Each structure stands twice: as structure tokens, then as C-alpha cells.
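In case you want the letters, here they are:
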Amino acid sequence: GGGGGGGESYVDGNPNRVTHLSQRVGERQAQGFVIFHYGSNFDASPEIFRCSGKKESYAPWPGQTGIRVTAIGAKGGSVNPDGVSVETVPGKGDAVSAVIPVHMGRVMDVGVGCAGAPGGFAGAGTDRSPGGAGGFGLESGGTGGLGYRSILDPRGEGGGSGGSGGGGASGVRDSDWAETLLVA
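Residues numbered from 1 in each chain as written. Predicted model: local features only at pLDDT ≥ 70, side-chain atom pairs only at ≥ 80, totals over all residues. Heavy atoms only, no water.

(A) Structural context of the overall build of the chain. Tallying secondary structure elements over the chain gives 0 helices and 12 strands in all. Starting at the N terminus and walking to the C terminus, you meet the elements of the chain as β-β-β-β-β-β-β-β-β-β-β-β. Counting across all 184 residues of the chain, residues that qualify as buried make up 42%. Just so you have it, the chain exposes about 9200 Å², and 52% of that area is on carbon and sulfur atoms. (Helix = DSSP H or I, 4+ residues; strand = E, 2+ residues; numbered from the N terminus. Buried < 20%, exposed > 50% of the residue type's maximum accessible area, 1.4 Å probe, protein only. Areas by Shrake-Rupley, 256 points an atom, 1.4 Å probe, with all protein chains shown as cover.)

This is the structure in C-alpha cells:
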């Protein structure tokens, strides 16, 4: 089975909701994360959300008018559990960064991508091996495909591992409007 894929990124194109966009492709982190960078007039370290397997929330500080958000998605699953095959190469997570205007009372949902699970191996002679689950995220990664035994294997010994699941997407959604603002 193959390694799980990385997803596409998205940033809301409305300049009233998101500005100063930058994008990087092929980040190497296994798990995703979301970072809220405070402006220079705030004496604070960035707030970092990591893969937790659940949705979290962010609310701005009093007086904040904008915040730079960086989201990095998780990679896909990467290991064949049969112990024989060469390790698969997972898709890497994408990364986006943009400034989101904020105000008191605005709450944003934060989902951080978790890596996809490896595909299963049901053993020699089996017809199907299960694909790995997609990783949790603002949007979950896709499930890996089934591994099938080749009809060309006359001994019935073959049977591929299932594909690994895709990594979950990291991002931010406006909880009032339920609109996705930024996702990688």
C-alpha cells in the first residue's frame, strides 16, 4: 500500500476576513499545528495548538484587531505493518499563514491535523487488507485504500498491505459563521 496523501490548502479570499497570505508546500512535521502570532504591541509568546484529536477554541485578547495565524497540516501515514515491505513515503502537510482581523467576542474554532494511520496487513493468502484511518483535523484525512492479493499469484501467498490514511488538515474556522478562514 502507498503512503497517505497530503491535502490542499485553502484561505478565504475575502480581504475583510483574511490578508497577508503566504504558503509553503511540503512541511515535514508528522503532526500538524496551528500558531497564533501576536502583533508587536503585545508582549506575549505565540499561542500554539497541537494535535489533540479534538476541536479547540481561540478568543482574541482585549484590544486585538488582527492576528497572524500559521497552520501546518499533518503528513499521511507511512509504515507498512507487514514487516517485509519497504516503508511507504507519506504525503507531506501543507502550510499557510495569513492575518485574520479579530475583535472582542469573536471566537474561532481550531482544528489541528494528526498524522494518518498506517495501512493494515491481514496476512499472506488473504484477499483484502484494510486501509489506515485518516488523521483527525479541522477536516479529517482520507482513509487508505484496501490492499488486494494479486490474481497473478498462483501460490496464494501474496497480499498487499492497505494504503495508509491521509493526514488531517490544520486550520481555523469562524465559529459564529461556521466559515472556514484558513486550512492547510
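(B) Layout of the pattern of salt bridges. On inspection of all chains with the given rule, the structure shows 3 salt bridges. Across the pair arginine 106 and aspartate 174 runs a salt bridge whose closest N-O atoms are separated by 3.0 Å. Separated by 68 residues along the polypeptide, arginine 106 in the loop between strand 7 (93-101) and strand 8 (108-111) and aspartate 174 in strand 11 (residues 171-174) bring together distant segments of the chain. By relative accessible area, arginine 106 is classed as buried at 7%. Between arginine 173 and glutamate 139 there is a salt bridge, and its shortest N-O distance comes to 2.8 Å. Here arginine 173 is found in strand 11, whereas its partner glutamate 139 is found in the loop between strand 9 (128-129) and strand 10 (147-148), with 34 residues between them in sequence. The class of glutamate 139 is partly exposed, set by a relative accessible area of 45%. (Salt bridge = Lys/Arg side-chain N within 4 Å of Asp/Glu carboxyl O.)

(C) Highlighting the pairing of strand 12 (residues 179-183). Sheet topology note: the strand 11/strand 12 ladder contains 4 bridges and is antiparallel. Paired with aspartate 174 across the strands is glutamate 179, a residue of strand 12. (Pairing = 2+ DSSP bridges.)

(D) Focus on the packing of aromatic side chains. Applying the stated criterion across every chain, the model contains 2 aromatic pairs. Each ring, one from phenylalanine 36 and one from phenylalanine 49, has its centre 5.6 Å from the other, and the planes form 70°; the classification is edge-to-face. Placement of phenylalanine 36 in strand 3 (residues 33-37) and of phenylalanine 49 in strand 4 (residues 47-50) is noted, with a sequence separation of 13 residues between them. Exposure remark for phenylalanine 49: the relative accessible area of 6% places this residue in the buried category. Between the aromatic rings of phenylalanine 36 and tyrosine 58, the centroid separation amounts to 4.0 Å while the plane-to-plane angle is 10°, which identifies the pairing as stacked. In this pair, phenylalanine 36 sits in strand 3 while tyrosine 58 sits in strand 5 (residues 56-58), placing the two residues 22 residues apart along the sequence. Here phenylalanine 36 falls in the buried class, since its relative accessible area comes to 0%. An aromatic cluster is built from Phe36, Phe49 and Tyr58, whose rings are joined through pairwise contacts. (Phe/Tyr/Trp six-rings, centres within 6.5 Å; stacked < 30°, edge-to-face > 60°.)

(E) Examining the state of the cysteines more closely. According to the stated counting rule, one finds 1 disulfide in the structure shown. With its sulfur 1.9 Å from that of its partner, cysteine 51 forms a disulfide with cysteine 114. Between cysteine 51 and cysteine 114, the S-S dihedral sits near 105°, and the bridge is therefore right-handed. Here the residue cysteine 51 occupies a position in the loop between strand 4 and strand 5, and cysteine 114 occupies one in the loop between strand 8 and strand 9, the gap between them amounting to 63 residues. Among the residues examined, cysteine 51 registers a relative accessible area of 28% and is labelled partly exposed. (Disulfide = S-S within 2.5 Å.)

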